[in-house]
Amino acid sequence: MQDWKEEYPLHGTKASQLNQATSARSRVEQLLLKPTPIGLFLDIDGTLLDMALTPSTVHVPPGLAELLGIVATRLSGALAIVTGRPIAEADELLRPMKFIAAGVHGAEMRTTATGEITPLTPSFSPALLRDIRIAAISIPGAVTEDKGTGIALHYRLAPELRDSLLITLETLMPKYPGQFTICEGRKVVEILPVGFSKGRALRKLASLPEFANRVPVMIGDDIADLDAFRAAETMGGFGLKVAGENFSKNEASFTGPADVLGWLTNLRKVL
Ligand SMILES: O=P(O)(O)OC[C@H]1O[C@H](O[C@H]2O[C@H](CO)[C@@H](O)[C@H](O)[C@H]2O)[C@H](O)[C@@H](O)[C@@H]1O
């Protein structure tokens, strides 16, 4: 087994100099030196992939899917994708590999890597979908992403639209009581079914046989990932932040997706 200290000279520095984020990452690395197995939960955008102007223009680094495939095999299948994207889209990005996954913030689930994708809630009613589409059309520059069990209204191309989108959706809420909730992400307002979150998704996935007796480690960069961090920590695990639009480099365990990929490459070697 390779020593993490060879790859991460930071381990040689005084404990007092390590910030909280670094020490969370280092504690996971210490775990890997012991026989304690981990289960890995990975967000996609901003964690495995650099952010792009639109959801469909992301660049997938060559070899990423294969790297995840190797890590998943070395973890005996204990690797899951926990994403806001639909699982089918995650599959496209990570072709030809497929993984255990939660999509649309937990509103859909695949409990075996090659199994069926199961929506855990019906798609939104046609009336609600229509109203949201009409609302989005009335705000030029907003990009609508219909995810079946969720809808995302993106404003990365026109950041000034955030407030108009939120106000419009809040106005719609009384017409559809209890039917949807609003969750903000990176330059996106997500319309989600009530009761779903990445935390709930992680708890469900962690109960699968692949993750039994493993310490859960969730890596993510978004506000929605905080809930999954909490879920992992409640189970004795770790939430590792990736720096970006939400977390500063000081508070994060990783400087960005390239750092996460480097870490996974080393993980592959030590597992
Ligand atoms: O949970 P994640 O895997 O991080 O997915 C969260 C959302 O990611 C996508 O939108 C975000 O990434 C786009 C590409 O970089 C970017 O253009 C957009 O501004 C971001 O919000 C995806 O489109 C959403 O469906 C996911 O919920």
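Residues numbered from 1 in each chain as written. Predicted model: local features only at pLDDT ≥ 70, side-chain atom pairs only at ≥ 80, totals over all residues.

1. Some thoughts on the environment of Ala 232
What counts here: Strands here are runs of E lasting at least two residues and helices are runs of H or I lasting at least four, both read from the DSSP assignment and numbered beginning at the N terminus. Three classes are used. A residue is buried when 20 or more other C-beta atoms lie within 10 Å of its own, exposed when 12 or fewer do, and partly exposed in between, with C-beta atoms placed from the backbone. Working definition of a contact: two residues with C-beta atoms, positioned from the backbone, lying within 7 Å.
Tracing the sequence through the fold places Ala 232 in helix α8 (residues 223-234). What makes Ala 232 buried here is the crowd of 26 C-beta atoms within 10 Å. The spacing of Ala 232 and Ile 70 is 162 residues in sequence and 23 Å in space, taken between C-alpha atoms. The residues touching Ala 232, leaving out its near neighbours within four places in the chain, are Phe 41, Leu 202, Pro 216, Val 217, Met 218, Gly 237, Phe 238 and Gly 239.

2. Side note on the environment of Leu 48
Inspection of the secondary structure assignment puts Leu 48 in the loop between β1 (38-42) and α3 (64-74). On the basis of neighbour counts, which here come to 27 C-beta atoms within 10 Å, the residue Leu 48 falls in the buried class. Sequence separation between Leu 48 and Ala 258 is 210 residues, and the spatial gap between their C-alpha atoms is 7.6 Å.

3. Considerations on the nonpolar core
The tendency in soluble globular proteins is for nonpolar side chains to be buried as a group. Note the threshold: Joined through C-beta atoms within 7 Å, a set of buried Ala, Val, Leu, Ile, Met, Phe, Trp, Tyr and Cys residues constitutes a nonpolar core.
Of all hydrophobic cores here, the largest spans 46 residues; its most connected members are Phe 41, Ala 80, Val 82, Leu 202 and Val 217. Ignoring anything within four residues of it in the chain, the contact list for Val 217 reads Val 28, Ile 38, Gly 39, Leu 40, Phe 41, Ala 232, Gly 237, Phe 238 and Leu 240. Listed in part, the 22 residues of the second largest apolar core include Ala 107, Ala 152, Leu 153 and Phe 196.

4. Focus on the site of the ligand
Here is the rule: Should the C-beta atom of a residue, placed from the backbone, lie within 6 Å of a molecule or strand, that residue is near it. An automatic or database domain assignment supplies the start and end points of every domain.
The local shell around the ligand holds 24 residues, among which Ile 44, Asp 45, Pro 55, Thr 83 and Gly 84 are the closest. Elements with a minimum of two residues in the shell around the ligand: β7 (151-154) and β9 (188-192). Each of two domains, domain 1 (4-120 + 196-270) and domain 2 (126-192), supplies a minimum of three residues to the shell around the ligand.

5. With respect to the packing of helix α7 (residues 198-206) against α8
Each pair of packed helices can be described by the angle between their axes along with the distance between the axes. Worth spelling out the cut-off: Every angle, taken between N-to-C directions, lies between 0 and 180 degrees, and every axis is a line fitted to C-alpha atoms, over only the stretch in contact when it is a helix. The hand of a helix crossing depends on one turn: near helix anticlockwise from the far one by less than a right angle means left-handed, and clockwise means right-handed.
Between α7 and α8, whose axes approach to 7 Å, the crossing angle comes to 35°. Considering the relative orientation of α7 and α8, their crossing is right-handed. Across the interface between the two elements, Lys 198, Gly 199, Leu 202 and Arg 203 of α7 pack against Ala 224, Asp 225, Asp 227, Ala 228, Arg 230, Ala 231 and Ala 232 of α8.

6. Considerations on the sheet that holds strand β4 (residues 108-110)
Note the threshold: The pairing criterion is simple: DSSP has to find at least two bridges between the two strands.
Across the sheet, which stays open at both edges, the 7 strands sit in the order β5-β4-β3-β2-β1-β10-β11 with mixed pairing between neighbours. Edge positions in the sheet fall to β5 (118-119) and β11 (238-241), since each has one partner strand and no second. Of the strands in this sheet, β1, β2 (79-82), β3 (100-103), β4 and β10 (215-220) touch α7, which is tilted by about 160° from β2. Where α8 meets the sheet, its contacts fall on β1, β2, β10 and β11, and the angle it forms with β10 comes to roughly 165°.

7. Remarks on the domain arrangement of the protein chain
The domain boundaries assigned to the protein chain delineate domain 1 (4-120 + 196-270) and domain 2 (126-192). Taken together, the 18 residues of domain 1 in the interface contact 15 residues of domain 2.

8. Comments concerning the sheet that holds strand β8 (residues 181-185)
Pairing is antiparallel in the open sheet, where 4 strands are placed in the order β6-β7-β9-β8. The open sheet has two free edges, formed respectively by β6 (143-146) and β8, since each of these has just one partner strand. Each strand of the sheet is rotated relative to its neighbour by a mean of 20°, with strand direction disregarded. Bridge analysis of β6 against β7 gives 4 bridges, and the strand direction is antiparallel. Residue pairing for β7: Asp 146 is matched across the bridge by Ile 151.

9. Side note on the packing of α3 against helix α9 (residues 257-270)
For the record, the criterion: Should an angle lie under 35 degrees it is considered roughly parallel, over 145 roughly antiparallel, and from 65 to 115 roughly perpendicular; all remaining angles are considered oblique. Amino acids are sorted into nonpolar (Ala, Val, Leu, Ile, Met, Phe, Trp, Tyr, Cys and Pro), charged (Asp, Glu, Lys and Arg) and polar (every other residue, Gly among them).
The geometry of α3 relative to α9 is characterised by a closest axis approach of 9 Å and an angle of 40° between their N-to-C directions. In terms of orientation, α3 and α9 fall into the oblique class. The hand of the α3/α9 crossing is left-handed. Contacts between α3 and α9 involve Leu 64, Leu 67, Ile 70, Val 71 and Arg 74 from the former and Leu 261, Leu 264, Thr 265, Leu 267 and Arg 268 from the latter. Its residues assigned to classes, the contact of α3 with α9 comprises 7 nonpolar, 1 polar and 2 charged.

10. Quick look at the pairing of β9
The element β9 is largely enclosed, with a buried count of 5 among its 5 residues. Here β7 runs beside β9; their pairing, made up of 4 bridges, is antiparallel. Counterpart to His 154 in the pairing with β9 is Val 188. Here β8 runs beside β9; their pairing, made up of 5 bridges, is antiparallel. Each residue of the ladder has a partner; that of Cys 183, found in β9, is Glu 190.

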